[in-house]
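Summary of structural features
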Amino acid sequence: MLLFSEGPLAQKLREIKVEPHILPLSRELLDARKDSLGASSLGRLREIFSTLGAVRQVARFIRRLKPDLVHTNSLKSDLIGGFAARLARRPLIWHVRDRIDEQYLPKKVVKVFRFLARHIPTCVLANSRSTLETLKLPPGKCAHVAYSGIDFTPYEIPEVPRGGREDAPKIGLVGRIARWKGQHIFIQAAALVRQQFPAAQFDIIGAALFEEEDYEREIRAQVARLGLKEVVHFDGFRQDVAKAVHDLDLLVHASITGEPFGQVVVEGMAARKPVVATAGGGVPEIVEDGKTGLLVPMNDAKAMGNAICGILENPQRADEMGRAGHARVREHFTAPITTRSVEAIYDRMLDAQSSPNQNIYLIHPQRQNP
């Protein structure tokens, strides 16, 4: 595996006896984020030269390694590793995990990325049908979906009864604190739920990243304004997400922009929690509305509050949803299932080029923040 910096992923690879190759990027490229892309940033001459230099470095690395297949993982590595693989004349899989539309990326970036998706990768792999559809690929283009499965091990614990917490349920939202994640909608819904369940507690699990501290201050002020300081808790970043989710009675997903997939929703279902989630992006591919949880419109606090109350009013239904969600994750969204899906795509591509060696190389950016 080729990484663009040292970090947690490199450490985890070494723990399983896989030595990563580190090809450091310039600070400008390493720190670049998808939400900062646009004409003003892409036009900076220094960044252009830095990108070209990185492409040449990766192309030299690929030529030296001579893999049968290159797999790039993230928008940044899709572009840098993708051009490099083409220069090195290697078959290429683009793994796309972000929705390529104007709600998620600048308009010019969307147009460029959709154009490149038609011509650069040999095949496109997406983390949901929703993500794949945003690429607007032509008929006949090699394209597949492999849902991003989770490690199911932390959720393999005996089912625990609710234990009489019906009168004081704990409802949580897990995810980075960011406006598009909809914490402000969750807080509005909490105010509505509290009218019917005054003892309910609400956990916001996650931290602000990428200069989003202003939004965190905004929602903390919202909590105070609505008189919810005693019932809405800011838990901050948690490494033990499985335990945090297990401590809840109900998981809420409140994004106001369609998620590419919705891993937190999968984690909630794996922990046997009923979920209330906004019906956008890849989430409807995960949640069976009315069976494993309830889907509500995005940006609709009233609908979210009503859905939460509807589940809390019927503990038996909540337990049934939790069990159905657990079974659905086991059947569709575990890491081994994802692995088999990706391996099947590898096999098809390698068979097409009659390659007996099956030497595959993954290019992935190093993530400094979990």
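Nothing here was measured: the structure is a model prediction, and the numbers come from that model. Counting from 1, residues in each chain are numbered in the order their sequence is written. Thresholds applied to this predicted model are a pLDDT of at least 70 for local features of residues and 80 or more for the giving and counting of side-chain atom pairs; totals over whole chains, interfaces and linings are not thresholded and use all residues. Only hydrogens and water are set aside when side-chain values are computed; all heavy atoms of the structure are taken into account.

Quick notes on the packing of helix H11 (residues 263-270) against helix H13 (residues 315-332)
- Contact geometry of H11 with H13 gives a least axis separation of 7 Å together with a crossing angle of 120°. Residues Val266, Met269 and Ala270 of H11 lie in contact with H13, whose contacting residues are Gly322, Gly325, His326, Arg328 and Val329.
- Note on residue classes: Ala, Val, Leu, Ile, Met, Phe, Trp, Tyr, Cys and Pro are nonpolar, Asp, Glu, Lys and Arg are charged, and everything else, Gly too, is polar. Residues belonging to the contact of H11 with H13 are distributed by class as follows: 4 nonpolar, 3 polar and 1 charged. Fitting a line to C-alpha atoms yields each axis, with helices limited to the stretch in contact; the angle taken between N-to-C directions then spans 0 to 180 degrees. Labels follow the DSSP assignment, with helices taken as runs of H or I lasting at least four residues and strands as runs of E lasting at least two, numbered in each case from the N terminus. Residue contacts are defined here by distance: any two heavy atoms, one from each residue, within 4.5 Å place the two residues in contact.

Topic: the confidence of the model for the protein
- On a range of 0 to 100, pLDDT expresses the predictor's confidence in each residue. Residue-level pLDDT values for the protein average 88, and 86% of them are 70 or greater.
- Across residues 36-45 the pLDDT falls below 50, and counting only partners more than four positions away or on other chains, this stretch makes 11 contacts in the model.

Thoughts on the sheet that holds strand E7 (residues 170-174)
- A pair of strands is considered paired only if DSSP assigns at least 2 bridges between the two. What the 6 strands build is an open sheet, ordered E9-E8-E7-E10-E11-E12; its pairing is parallel. Only two strands of the sheet have a single neighbouring strand rather than two, namely strand E9 (232-236) and strand E12 (293-296). Going from strand to strand, the sheet's axes swing by 20° on average, the running direction of each strand aside.
- One ladder, built from 5 bridges, connects E7 with strand E8 (residues 201-205); its direction is parallel. Across the sheet, the residue bridging to leucine 173 is isoleucine 204, located in E8.
- This element, helix H8 (residues 183-196), spans E7, E8 and strand E10 (250-253) of the sheet and lies at about 170° to E8.

Remarks on the pairing of strand E11 (residues 275-278)
- Judged by which residues are buried, E11 turns out to be covered on both faces: Val275 and Ala277 on one side and Val276 and Thr278 on the other are all buried.
- Examined bridge by bridge, E10 and E11 share 3 bridges and lie parallel to one another. Bridged to leucine 251 within E11 is valine 275.
- As defined by bridge partners, E11 adjoins E12 across 4 bridges and the pair is classed as parallel. Opposite valine 276, over in E12, you have leucine 294 as the bridge partner. Only protein chains enter the area calculation, which uses a 1.4 Å probe; residues under 20% of their type maximum are buried, those over 50% are exposed, and those in between are partly exposed.

Section: helix H9 (residues 213-225)
- In a helix, the anticipated span is given by 1.5 Å times the number of residues less one. The first and last C-alpha atoms of H9 sit 18 Å apart over 13 residues, in line with the 18 Å expected at 1.5 Å per residue.
- Buried residues in H9 make contact with H8 and E9.
- Count one or two residues on from H9 and you reach glycine 227, which has phi positive near 70°.

Quick look at the state of the cysteines
- Two cysteine sulfur atoms form a disulfide, by the criterion used here, when they sit within 2.5 Å. Applying the stated criterion across every chain, the model contains 1 disulfide.
- Each sulfur in the disulfide pair cysteine 123 and cysteine 142 lies 2.1 Å from the other. On the sign convention where negative is left-handed, the bridge of cysteine 123 and cysteine 142, at about -65° about the S-S bond, is left-handed. Here cysteine 123, found in strand E5 (residues 123-126), pairs with cysteine 142, found in the loop between helix H7 (129-134) and strand E6 (143-145); they are 19 residues apart in sequence, far enough to count as distant.

Points about the environment of glutamine 263
- One can find glutamine 263 in helix H11.
- According to the relative accessible area criterion, glutamine 263 is partly exposed, its value standing at 39%.

Looking at the nonpolar core
- In these notes, a set of buried Ala, Val, Leu, Ile, Met, Phe, Trp, Tyr and Cys residues joined through side-chain atoms within 4.5 Å is what counts as a nonpolar core. Of all hydrophobic cores here, the largest spans 37 residues; its most connected members are Ile171, Phe202, Val252, Val276, Met304 and Ile308.
- The dominant element in this core, judged by the number of residues it contributes, is helix H12 (residues 301-312), at 8 residues.
- When neighbours within four sequence positions are excluded, isoleucine 171 is seen to be in contact with Phe186, Val193, Ala200, Gln201, Phe202, Asp203, Leu248, Leu250, Val252, Ile308 and Leu312.
- In terms of nonpolar packing, the next biggest core, distinct from the first, is built from 32 residues, Leu23, Val58, Leu75 and Ala126 among them.

Considerations on the pairing of E7
- For E7, the tally of buried residues reaches 4 of 5 residues, placing the bulk of the element in the interior.
- Whether a crossover is right-handed comes down to one check: with the strands pointing away from the viewer, does the path from the first strand over the helix to the second run clockwise; if it does, it is right-handed. Handedness of the crossover joining E7 and E8 through H8 is recorded here as right-handed.
- Where E7 and E10 come together, 3 bridges link them in parallel fashion. Residue glycine 172 lies in a different strand from E10, and its bridge partner there is leucine 251.

With respect to the packing of aromatic side chains
- Aromatic contacts are taken between Phe, Tyr and Trp rings whose centres are within 6.5 Å, Trp giving its six-membered ring; a plane angle under 30 degrees counts as stacked, one over 60 as edge-to-face, and the others as tilted. Taken as a whole and judged by the stated rule, the model has 6 aromatic pairs.
- With 5.6 Å between their ring centres and 90° between their planes, tyrosine 104 and tryptophan 180 make a pair best called edge-to-face. Of the two residues, tyrosine 104 is situated in the loop between strand E4 (92-96) and helix H6 (107-119) and tryptophan 180 in the loop between E7 and H8; the sequence distance between them amounts to 76 residues.
- Judged by centre distance (6.1 Å) and plane angle (75°), the ring pair of phenylalanine 186 and phenylalanine 202 falls under edge-to-face. Here the residue phenylalanine 186 occupies a position in helix H8, and phenylalanine 202 occupies one in strand E8, the gap between them amounting to 16 residues.
- Relative accessible area serves as the criterion here: at 1%, phenylalanine 186 is assigned to the buried category.
- Judged by relative accessible area, which is 0%, phenylalanine 202 ranks as buried.
- A ring has a charge above it when a Lys NZ or an Arg CZ is no more than 6 Å from the ring centre and no more than 35 degrees off the ring normal. Across from the ring centre of phenylalanine 234, 4.2 Å away, lies the NZ or CZ of arginine 220, which sits over that ring.

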